[in-house]
Amino acid sequence: MNKERRIQQQSPVEAEIPLLPQEIMVEILSRLPVKSLCQFRCVSKQWLSLISDPLLAKSHLKKTVSNDCFYSQRKRVIISSHNLYSLEYESIGRNGSFDENLVALELDYPLKDKPNGLAELLDSARDGFLYCERSEEGNDEFPVMVKLNLPFCVNQRNWVDILGSCNGLVCIAPDEDTLFLFNPSTRESKRIPDPPSGFVPNGWSFYGFGYDFVNDDYKVVKVGCGTVCVYSLRTDSWRIVCSFPYVDNVSESRVLLNGTIHWMVSFEDGVDCRCVVAAFSLEEEVFSDMPAPDIVNTSFEFVVGVLNGCLCVLHSRNQMHNDFWVMTEYGVGKSWTKLTLSLSYICMKPLCLAQNREALLDVDGKLLLYNLEDDSYKYLVVDGILAGDGFEADTYLETLVSPNGFCRT
């Protein structure tokens, strides 16, 4: 009895939990959603170090793009409308049901609360009106006071331009000529430095963003006044790489496909001017020409897009159209195939294929789900976004890719 009592009084021996090899931990964690991993960072310094490791970010990204289930779960639609919103990819057209509206999640992003100049203007209003001075017939000595009825529903936030998305990083411009690389999933961001003075003269310019697979680098391309310069995230610097070999009346719309950024451009061919798709290789940092559909005769009325991994050319202005073209074999001009829709549009942008293999389209500022097999379609209502305010949209993946720690990989 005494022997049994002594055994019971002894403190239990704690079993040591063996530490798993890092490659096993990475394999396990790469299967988890980003939201959970961000929460696990708070467990300990060891977990913070492991989850912040670029090796885990790469493994997590590789698992996402190679697994259809993970890819579907981690894909999101990002919407800009005087704010940034995120929309779950899996909630779009789920089970073919449209009974419930989609719900947008408001994102936190850099310079979100920076006023756009209307705040001071609205503060000066009296009795619901604004008053300003206007000179008549160049007479500055006796200005006339003009009463303006300005609606107070005007959004005081800046419009956020979405300049591209790749591997979970979104290139945004929340203010004029102010660029950030932003990960909406981890809320990390990095301010892209301005190009050195003289790189690209002041004036109209356009951008592209993507990933250089060969050199393992994220790059921002800026084109303006005949000059092309490239920002490298790995070196955190800009370089002038070449001159722009096309006519400058280029649509700002661009798409990333196969490590190449594409624009619809005009090309001077002797006396005549013909249209081509300008393809800028992020690896080689040079332009090459791709043939456009035969009907394309002016670059300013057409834009490029991507649908189901295929390059597209779509109308962009002036009048209603019900068709677009798909390049079924990349780089082969003879593979352009015309598709006719059961609806008409002025401007359209393909976003992605939804859960039921229907195409999610941005049609004249509205989200639309289009069935390419039976030509039926349905406009989508997104709760949380003001109707009639306009928007632009793109897609992104939930990843751990950091715009700040990438240079350490």
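From a predicted model like this one, the values you see are computed outputs, not experimental measurements. (Residues numbered from 1 in each chain as written. Predicted model: local features only at pLDDT ≥ 70, side-chain atom pairs only at ≥ 80, totals over all residues. Heavy atoms only, no water.)

Buried within helix 2 (residues 22-29) are the following residues: Met 25, Val 26 and Leu 29. Down the axis of helix 2, the buried set is contained in an arc of 100°. They therefore lie on one face. Looking at the buried side of helix 2, the elements it contacts are helix 3 (34-40), helix 4 (45-51) and helix 5 (54-66). (Buried < 20%, exposed > 50% of the residue type's maximum accessible area, 1.4 Å probe, protein only. Helix = DSSP H or I, 4+ residues; strand = E, 2+ residues; numbered from the N terminus. Arc of directions from axis to C-beta. Contact = heavy atoms within 4.5 Å.)

Turning our eyes to something else, we now look at the nonpolar core. Ranked by size, the top nonpolar core spans 20 residues in total, and within it Cys 171, Leu 179, Ile 192, Phe 209, Tyr 218 and Val 220 carry the most contacts. Those elements that place two or more of their residues in this core are strand 7 (161-166), strand 8 (169-175), strand 9 (178-183), strand 11 (205-212), strand 12 (217-224) and strand 13 (227-232). Setting aside residues up to four positions removed in sequence, Cys 171 forms contacts with Asp 161, Ile 162, Leu 163, Gly 164, Leu 179, Phe 180, Leu 181, Ile 192, Phe 209 and Val 220. Judged by nonpolar contacts, the second largest core, of 19 residues, contains Leu 351, Leu 367, Leu 380 and Ala 393. (Core = buried A, V, L, I, M, F, W, Y, C linked by side-chain atoms within 4.5 Å.)

The next subject is the sheet that holds strand 7. With antiparallel pairing, the four strands of this open sheet are ordered in space as 7-8-9-10. Every other strand in the sheet has two partners, leaving strand 7 and strand 10 (188-191) as the edge strands with one partner each. Geometrically, the sheet is characterised by an average inter-axis angle of 25° between neighbouring strands, direction not taken into account. Looking at chain direction, strand 9 and strand 10 are connected through four bridges and run antiparallel. Counterpart to Phe 182 in the pairing with strand 10 is Ser 189. (Pairing = 2+ DSSP bridges. Axes fitted to C-alpha atoms, helices over the stretch in contact; angles between N-to-C directions.)

Time to look at the packing of helix 2 against helix 5. Following both chains from N to C, one finds helix 2 and helix 5 inclined at 45°, their axes separated by 9 Å at the closest point. Considered as vectors, helix 2 and helix 5 are oriented oblique to each other. Where helix 2 crosses over helix 5, the handedness of that crossing is right-handed. For the pair helix 2 and helix 5, contact is made by Val 26, Glu 27 and Leu 29 and by Leu 56, Ser 59, His 60 and Lys 63, respectively. Here the residues of the contact of helix 2 with helix 5 are counted per class, giving three nonpolar, two polar and two charged. (Parallel < 35°, antiparallel > 145°, perpendicular 65-115°, else oblique. Left-handed = near helix turned anticlockwise from the far one by under 90°. Nonpolar A, V, L, I, M, F, W, Y, C, P; charged D, E, K, R; others polar.)

Any two side chains of opposite charge can pair if their charged atoms end up close together. The tally for this structure, following the rule as stated, stands at 15 salt bridges. With a shortest N-O distance of 3.7 Å, Asp 108 and Arg 187 are connected by a salt bridge. With a gap of 79 residues between them, Asp 108 in the loop between strand 4 (105-106) and helix 7 (118-123) and Arg 187 in the loop between strand 9 and strand 10 connect regions that are remote in the sequence. The exposure class assigned to Arg 187 is exposed, which follows from its relative accessible area of 59%. Three or more residues are tied together by salt bridges with common partners; here these are Glu 106, Asp 108, Lys 112 and Arg 187. (Salt bridge = Lys/Arg side-chain N within 4 Å of Asp/Glu carboxyl O.)

The next point concerns unusual backbone geometry. Phi angles above zero are rare outside glycine, and Asn 167 is one such case at about 55°. Here Asn 167 is to be found in the loop between strand 7 and strand 8. When its relative accessible area of 17% is taken as the criterion, Asn 167 is described as buried. Unusually for a residue other than glycine, Asp 216 sits at a positive phi of about 50°. Residue position: Asp 216 is located in the loop between strand 11 and strand 12.

A few words on a nonpolar patch on the surface. Side chains of Leu 20, Ile 24 and Ile 28 sit close together on the surface and give an oily, nonpolar patch of about 250 Å² of accessible area. With respect to the secondary-structure elements, Leu 20 resides in the loop between helix 1 (2-9) and helix 2. On the basis of relative accessible area, Leu 20 is assigned to the partly exposed category, the value being 46%. (Patch = residues over 30% accessible without salt bridge, like charges linked within 9 Å, V, L, I, M, F, W, Y side chains within 5 Å. Areas by Shrake-Rupley, 256 points an atom, 1.4 Å probe, with all protein chains shown as cover.)

Relative to the 18 Å expected for 13 residues at 1.5 Å per residue, helix 5 spans 18 Å between its end C-alpha atoms, a close match to the ideal helical length. Looking at helix 5, one finds that the buried residues are Leu 56, Ala 57, Ser 59, His 60, Leu 61, Lys 63 and Thr 64. Of the surrounding secondary structure, the elements contacted by the buried residues of helix 5 are helix 2, helix 3, helix 4, helix 6 (68-74), strand 12 and strand 28 (392-397). Taking the backbone nitrogen of Leu 55 as reference, a side-chain oxygen 2.9 Å away marks Asp 53 as the first, capping residue of helix 5. (Expected span 1.5 Å × (residues − 1). Polar contact = N/O pair within 3.5 Å; in protein donor to acceptor, adjacent residues only side chain to side chain.)

Turning to the packing of aromatic side chains, a few remarks are in order. Scanning the model with the defined rule gives 15 aromatic pairs in all. Ring centres of Tyr 246 and Phe 287 lie 5.6 Å apart, and the angle between their planes is 80°; this geometry places the pair in the edge-to-face category. Residue Tyr 246 is found in the loop between strand 14 (237-243) and strand 15 (255-257), and its partner Phe 287 is found in strand 18 (residues 287-291); the two are separated by 41 residues along the sequence. For Tyr 246, a relative accessible area of 8% corresponds to the buried category. (Phe/Tyr/Trp six-rings, centres within 6.5 Å; stacked < 30°, edge-to-face > 60°.)

On the secondary structure map, Thr 227 appears in strand 13. For Thr 227 and Cys 242, which are 15 residues apart along the polypeptide, the C-alpha to C-alpha distance reads 6.5 Å. Those residues in contact with Thr 227, other than ones at most four positions away along the chain, are Phe 199, Lys 222, Ile 240, Cys 242 and Phe 244.

Here we come to the sheet that holds strand 20 (residues 310-315). Spatial ordering of the open sheet is given by 19-20-21-22, a layout of four strands whose pairing is antiparallel. Of all strands in the sheet, those bounded by a partner on one side alone are strand 19 (302-307) and strand 22 (336-345). With strand direction ignored, the average angle separating the axes of adjacent strands in the sheet is 30°. As paired strands, strand 19 and strand 20 are joined by six bridges and run antiparallel to one another. Counted as the bridge partner of Leu 307 is Cys 310 from strand 20.

This brings us to the pairing of strand 17 (residues 272-281). Most of strand 17 sits out of view: seven of its ten residues are buried. Here five bridges tie strand 17 to strand 18, and the two strands are oriented antiparallel to one another. Bridge pairing links Val 276 to Pro 291 in strand 18. Between the end of strand 17 and the start of strand 18, which pair antiparallel, lie five residues, with Glu 285 showing a positive phi angle near 60°.

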